[in-house]
Amino acid sequence: MAHGAHRHLMPPRPDLALARDCEQCLGWGTVVTRDGDHELCRACQPEPGEEGGAGLTGS
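Report follows, based on the coordinates. (Residues numbered from 1 in each chain as written. Predicted model: local features only at pLDDT ≥ 70, side-chain atom pairs only at ≥ 80, totals over all residues. Heavy atoms only, no water.)

Further remarks concern the environment of Ala 17. Tracing the chain through its elements places Ala 17 in helix H1 (residues 16-19). Judged by its relative accessible area of 53%, Ala 17 falls in the exposed class. (Helix = DSSP H or I, 4+ residues; strand = E, 2+ residues; numbered from the N terminus. Buried < 20%, exposed > 50% of the residue type's maximum accessible area, 1.4 Å probe, protein only.)

This is the structure:
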């Protein structure tokens, strides 16, 4: 019997426009943890409920 991919196993969907020039994720928008999981890049991707990139601050 075939099973579909579990939601928690799917990599997160980054905003590639925000990731374009990021040095942390090299434009991918995600990074791989030591456990082998994909997570959103903290340098360029906003946290849920935030506007703009987490690493972008107004100057």
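With that settled, the discussion passes to the environment of Cys 25. Of note, Cys 25 is situated in the loop between H1 and strand E1 (30-32). Classification of Cys 25 as buried rests on a relative accessible area of 5%. For the pair Cys 25 and Cys 41, spaced 16 residues apart in sequence, the C-alpha separation works out to 6.3 Å. If we skip the residues at most four places from it in the chain, Cys 25 touches Ala 19, Thr 30, Val 31, Cys 41 and Cys 44. (Contact = heavy atoms within 4.5 Å.)

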